[in-house]
Amino acid sequence: MTTPARRRATIAASLPLLLLAGGCSYLSGESQGADPQSADCDAYEQWQGHDGTTVSIYASIRDQEAELLEESWSEFSSCTGIDIAYEGSGEFEAQIQVKVDGGNAPDLAFFPQPGLLARFAQSGDAIALPESVRANAESGWSEDWLNYATVDGELYGTPLGANVKSFVWYSPGLFSDNGYATPTTWDELIEISDAMVEDGIKPWCAGIESGDATGWPATDWVENIMLREHGPEVYDQWVDHEIPFDDPAVAEALDRVDSILRNPDYVNGGHGEVQSIATTSFQDAGTPILDRQCGMYLMGSFYAAQWPEGTTVAEDGDVYAFNLPPIQEEHGTPVLGGGEFIGAFADRPEVVAVQEYLSTVEYANSRASLGSWFSAHRDLDLDLLEAPTDRLGAETLRDSEAVFRFDGSDMMPASVGAGTFWRGMTNWINGDETEETLAYIEESWPSS
Amino acid sequence: MGFSLLEELPKILWLVIGVAGFAAVIGLLLLLVDRGPKTRRDWWQAVCFLGPALLLLLLGLVYPAIRTTALSFFDRSGDSLVGLDNYVWMFTQPEILTVLRNTLLWVLFAPFLATATGLLYAILVDRSRFESVAKSLMFMPMAISFVGASIIWRFVYAVRPAESDQIGLLNQIVVWFGGEPQQWLLNQPLNTLLLIVVLIWVQAGFAMVVLSAAIKAIPAEIIEAARLDGTTPWQLFRHITLPSVWPTVTVVLITISVQTLKVFDIVRTMTGGQFDTSVIANEMYNQAFRYGELGQGSALAVFLFVLVIPLVLVQMRTNRRAREQR
Amino acid sequence: MSAPTSPAATESSAARVRRRLSGRAASIAAIVIAVVWTLPTFGLFVSSFRPEQEIKTTGWWTFFTDPSLTLANYRDVLFGTASQGQLASYFVNSFVITLPSTVFVVALAALAAYALAWMNFPGRDWIFLGVFALQIVPLQMSLVPLLSFFSEGVSIGGVQVLPAWELEGAFQFTTVWVAHTIFGLPLGVFLLHNFIAQLPRSLFEAARVDGAGHGVIFRRVVTPLIVPALMSLAIFQFLWVWNDLLVALIFAGGGVETAPLTVRLAEMAGTRGNEWQRLTAGAFVSMIVPLLVFFSLQRYFVRGLLAGSVKG
């Protein structure tokens, strides 16, 4: 052992200790100061007094949509001094479970599936809404919406954004050139489809590929038809498993889906045979509408953001949408939709302040004014919605005739709603028999 | 919000402190290990060398493995004991049986083909003029994440209707030869084999690098002597190269086998486990985290542990043989 | 240690002809494999310069007959609206996560592998097999216990034995280092054990006779000989950590303070996965560093020659 080596070792050993002692506070990155008490901040006065606190939010919303979210509460944040640490992840559904189980739950989370929020409510991890937030929620949203976040009589979440999943996208140009009118009944829809076949256009296109979520667009089809064919009561029974998944009512609905999605005359515009539905991504599926290779595409209102740059989405533009028409008149105008619910895992005062703010109509308007978003809030200012389809969506939700139901697969147990239902429908597109598919899903429904 | 060095400095400082601190601890350990008391020296020297690693493993892997095994006997939330129900479920669901079959296909094909390709390539480019470039080419897939690799191959397998342009290379080749474009990922069991290709593509680089290092370790004199005797390349490979690198081949095979058993990202990104392509690791993740069926997910994980036993036995034999030789 | 003699110098001319012929067949085979292996990546590379619409409608090979080039994908990845100039921060994060995780694994695995191969203590073989078998423990199953260890500490029967690690700012990287080190160890020990166990016994006996202890043997005798193996392990560990998404998501979170490049790139796929054409460019941006590392460390593989000649 030579001396220089030992000296080197001693220096190396003591250096970090020195640095540690001196640099601890620097390394832990103390946060920067708060903002002025200007007149702009008057609106946020009731939430002030939490200077220097941080509230963490975890959600599945990423990229541009996440940037808009952060912008929508930036004023609140700078006026109240509450730093909102937002994190969006494509693995939200799985990771939120890991984070909660690992004792590292976020303060707030945006759940796109009420079923998942209910799971945390039942396990005692999620915290029921405090009185003030509950009051906001009850004045802002219809009972329909709040029911989805209610577990054992306690409200666990306030709705955030919303979407409509029964939109049929089409090309207004194609419709007017060929003299098709947007259908208001199911029969008209089929008439138009047949007319398109005669005119040499494949009336429908579809794509259910979505990475590890492949299959969900097909479940939206089944849910839409269930709701229209048998009405909201039977729909609810089906979602709650009060009738079995292979009930004749479901078979009937699936047969009707069959008459469109597995009808070689009707699909798959711009993509090929029926089977191509299984491998076409839902993002790409609608694009042939622009080339008039496909007539119609059933997909949620959020599809507005998927059109290639330069596409005008408007009633007189390149593409637009209508609500899938009713089948049985006695069930009114059914609307299938979805949205996020804000659940809480902490009840610190600053967390409650953020919850309160996010449940106000002022927040909804703030987010809506930034574009590509709408909510089911009763008093949302529709004039703020710039995109025609956002406006259409919000109006559809608000329509007094409308019977709103939440996307059923988001309410079912995840092993079905995000598992066998998706998988079963994918195999069904790929050629499985209707009976076989329904029996398979019924079989997989978790006991108890 | 631009890039500011001042904001990055703490990270870099902590990085330097962390690594330097670690190096100091290890250095100190190596200094002290030879000067301790003479009693039970073997024992505490082993503790010094092995202790840090074992401690970490105990915390991060052994305990979770035990916990997982325990959870596999509980229901979905881990509250009530259900005995062997989760295992019964696993072996009676036709779907899970398909999953087990697919995993078998993966383990049968991926390790051998990846190792064979890697070995062949390592020998072919050994001492060639372009060795470093050539090796980099095969190594490149390793530098891409599994998710990136899966995206690349989704492009290769992509299909468009016969009347329009193909965007997938495989179908374009089929079309060039006058065939009809195929839905490659829909038809089982071909689709599983096509997914295996992706893993082979990635892991061959690993096999090549490790085996190439082993080939370089063969003493040059032996090869020269054989060359002077007029040995053909095949004989050289059969009698000198292969026996010399055999222990490393085993290591590579075993390593890739374990990676294969755990394969997850490829299946998830390429097909999401649809069309009967799911494998145990993917199904385990679905059950335990996406479906909230912790018990069933744990049972699948335990089955993975069981599958590694044959590999442990192979390794045991290798160990014994190595000990006899030296 | 003798430098390897050039093979060509001692060859007869007949042997040289034979070698050249077989060399040609070998070269062709090598080229074919290389092309097959590179083509998919090359396709992606070309695609990363094509406009979104063309990626989705025509094959990348049409680029050569009908070239249309855009840097939009790279612009989005490097300077996308929110990440203006921030990509550099994610790069720094990736480095800060990857470097220590690599160093820790290589060093700890080398120590453990040495002990398992050349020290005498009871249960040695069983410990080795145990460590080996741990490779199979799915990462996902370790996340919850490990996370709760960091965030809640350890308590046995209601008594807090170890406190929670309440880390802020740059200190948060520590948990990621520990997690990656743990997950990399079993394979590291296994790979290095193979190399260390193959060293000739005579080396150790000679050192023992000189009175060297394990510490000295490890530093002076073993380490220089297994440099190529250490380097291969370092490269692979570097790649695994660099490309990891899962561990980073759980332990590093998604903020610009700690999240690595992979997290950022995954985020860019958009909420509904619509922006995947950016992944083409993103994949190349994140590939640059691993490739540089590989190129710069490659010369250590050639050193294997020297190690081999000692062994003979």
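On a predicted model such as this, the values are computed, not experimentally measured, just so you know. (Residues numbered from 1 in each chain as written. Chains lettered and ligands numbered in written order. Predicted model: local features only at pLDDT ≥ 70, side-chain atom pairs only at ≥ 80, totals over all residues.)

## Side note on the interface of chain C and chain B
Here is step 1 of the chain: With 105 residues of chain C at the interface, the matching set in chain B holds 102 residues.
Here is step 2 of the chain: Broken down by element, the residue count for the side of chain C that touches chain B peaks at 16 residues, all from helix 4 (residues 87–118) of chain C.
Here is step 3 of the chain: Partitioning the side of chain C that touches chain B into residue classes produces 67 nonpolar, 34 polar and 4 charged. (Contact = placed C-beta atoms within 7 Å. Helix = DSSP H or I, 4+ residues; strand = E, 2+ residues; numbered from the N terminus. Nonpolar A, V, L, I, M, F, W, Y, C, P; charged D, E, K, R; others polar.)

## Section: the confidence of the model for chain A
Residue and element names in this part refer to chain A.
Here is step 1 of the chain: On average, residues of chain A carry a pLDDT of 87, and 91% of them reach 70 or more.
Here is step 2 of the chain: For the stretch residues 10–22, pLDDT sits under 50, and the model shows 13 contacts to residues farther than four places along the chain or on other chains.
Here is step 3 of the chain: Here residues 29–34 is modelled with pLDDT under 50, and outside its nearest four sequence neighbours on either side it reaches 11 contacts, counting other chains as well. (pLDDT = per-residue confidence, 0-100.)

## Description of the interface of chain B and chain A
Here is step 1 of the chain: With 28 residues of chain B at the interface, the matching set in chain A holds 35 residues.
Here is step 2 of the chain: Residue assignment for the side of chain B that touches chain A shows that the elements contributing at least two residues are helix 1 (5–32), helix 11 (265–270) and helix 12 (280–290) of chain B.
Here is step 3 of the chain: Broken down by element, the residue count for the side of chain B that touches chain A peaks at 11 residues, all from helix 1 of chain B.
Here is step 4 of the chain: Class assignment for the residues of the side of chain B that touches chain A results in 16 nonpolar, 9 polar and 3 charged.

## With respect to the domain arrangement of chain A
All names here are of chain A.
Here is step 1 of the chain: For chain A, the assigned domains read domain 1 (46–163 + 338–395) and domain 2 (167–337 + 400–444).
Here is step 2 of the chain: On a C-alpha basis, the centroid separation for the pair domain 1 and domain 2 is 28 Å.
Here is step 3 of the chain: In this assembly, 17 residues from domain 1 lie in contact with 19 residues from domain 2.
Here is step 4 of the chain: If you list the elements that add at least two residues to the side of domain 1 that touches domain 2, you get helix 5 (114–123), strand 6 (157–164), strand 11 (333–344) and helix 16 (388–398).
Here is step 5 of the chain: A class-by-class count of the residues in the side of domain 1 that touches domain 2 yields 8 nonpolar, 8 polar and 1 charged. (Domains from an automatic or database assignment.)

## What to know about the sheet that holds strand 7 (residues 167–170) of chain A
Residues and elements named next belong to chain A.
Here is step 1 of the chain: The strand order 8-9-7-10 describes an open sheet built from 4 strands, whose pairing is mixed. Single-partner strands in this sheet number two, and they are strand 8 (202–204) and strand 10 (320–323). Direction aside, the axes of adjacent strands within the sheet are offset by 25° on average.
Here is step 2 of the chain: Note that strand 7 and strand 10 share 4 bridges and pair antiparallel. If you follow F167 over to strand 10, its bridge partner there is N323. (Pairing = 2+ DSSP bridges. Axes fitted to C-alpha atoms, helices over the stretch in contact; angles between N-to-C directions.)

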